[in-house]
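Descriptive analysis of the structure
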Amino acid sequence: MSVRSILIHPDPRLKKLCDPVAVISPEIGKLAEDMLETMYDAPGIGLAAPQVAVMKRLLVMDCVKDPETPPRPMVLINPVITWSSEDRSTYEEGCLSIPEQYADVERPAAVRVRWTGLDGREAEEEFKGLWATCVQHEIDHLDGKLFIDYLRPLKRQMITRRMEKLKRERARG
Ligand code: NI
């Protein structure tokens, strides 16, 4: 396993529609392992393939926060939201591609998601709370959408300018 580098917004690859995973090849298995390691290393609770520059519909997440609870690493291939609750909830979201920027985003409070697992099996589950927010945020990445796209233009532009500055500073070393 290895930690991959995470693309930082703004980057055209974070704005693209990703392709479905056609075959669960060994490369896809390696990608999922690397993404989990990258996510835990960051640390974060979710990561989508385009964030590591792979334009495929695959995400990983683990929203277990309680240190007493065992981790629950999940790999979702070609995830689809099959139901969204009318109830909505607001969470302060962040993103590993937009470091240290946080903002409230309102989304359906619960969603049902269908996906293919690494073993090739179909799975479906209802997510609530932080898990629901996280899975929606990560599926958005597969459609080229970031959480800042839900914010007012002024706030979004402010965050984007900060990220451009961060990238210039990092490029200079
Ligand atoms: Ni994100």
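What you are looking at is a predicted structure, and each value in this text was computed from that prediction instead of being measured.

1. So, the coordination of the nickel ion
Cys-95 (SG), His-137 (NE2) and His-141 (NE2) make up the full set of protein donors to the nickel ion, lying at 2.1 to 2.3 Å. Read in sequence order, the donor residues coordinating the nickel ion give the pattern C-x41-H-x3-H. Taken together, the residues span a long stretch of sequence, with Cys-95 in strand E4 (residues 88–95) and His-137 in helix H2 (residues 129–142) at a distance of 42 residues.

2. Details of the sheet that holds strand E7 (residues 122–128)
Here we have five strands laid out as an open sheet, ordered E1-E2-E3-E6-E7, and antiparallel in their pairing. Of all the strands in the sheet, the pair left with one neighbour each is strand E1 (46–48) and E7. Each strand of the sheet is rotated relative to its neighbour by a mean of 40°, with strand direction disregarded. As judged from the five bridges shared by strand E3 (residues 74–84) and strand E6 (residues 110–116), these two strands associate in the antiparallel manner. In the sheet register, Ser-84 faces E6, and the bridge partner there is Val-111. The strands touched by helix H1 (residues 26–41) are E1, strand E2 (58–61) and E3; relative to E2, the strand with the most contacts, the crossing angle is about 40°. Strands in contact with H2 are E1, E2, E3, E6 and E7; relative to E2, the strand with the most contacts, it is inclined by about 155°.

3. Looking at the layout of surface pockets
Looking at the largest pocket, its volume works out to about 600 Å³. In terms of lining, the largest pocket is formed by 26 residues, of which the most central are Pro-43, Gly-44, Gly-94, Cys-95 and Leu-96. Broken down by secondary-structure element, the contributors of at least two residues to the lining of the largest pocket are E4, strand E5 (98–108) and H2. In terms of residue class, the lining of the largest pocket is made up of 13 nonpolar, seven polar and six charged.

What counts and how
Residues numbered from 1 in each chain as written. Predicted model: local features only at pLDDT ≥ 70, side-chain atom pairs only at ≥ 80, totals over all residues. Heavy atoms only, no water. Donors = N, O, S within 2.8 Å, 3.2 Å for Na, K, Ca; no water. Helix = DSSP H or I, 4+ residues; strand = E, 2+ residues; numbered from the N terminus. Pairing = 2+ DSSP bridges. Axes fitted to C-alpha atoms, helices over the stretch in contact; angles between N-to-C directions. Contact = heavy atoms within 4.5 Å. 1 Å grid on protein atoms, 1.4 Å probe; cavity = no way out; pocket = protein on both sides within 12 Å on 5 of 7 lines; lining within 4 Å. Points joined across faces, edges and corners; volume = space filled by probe spheres on them. Nonpolar A, V, L, I, M, F, W, Y, C, P; charged D, E, K, R; others polar.

Interpretation in functional terms is not warranted from these geometric data alone.
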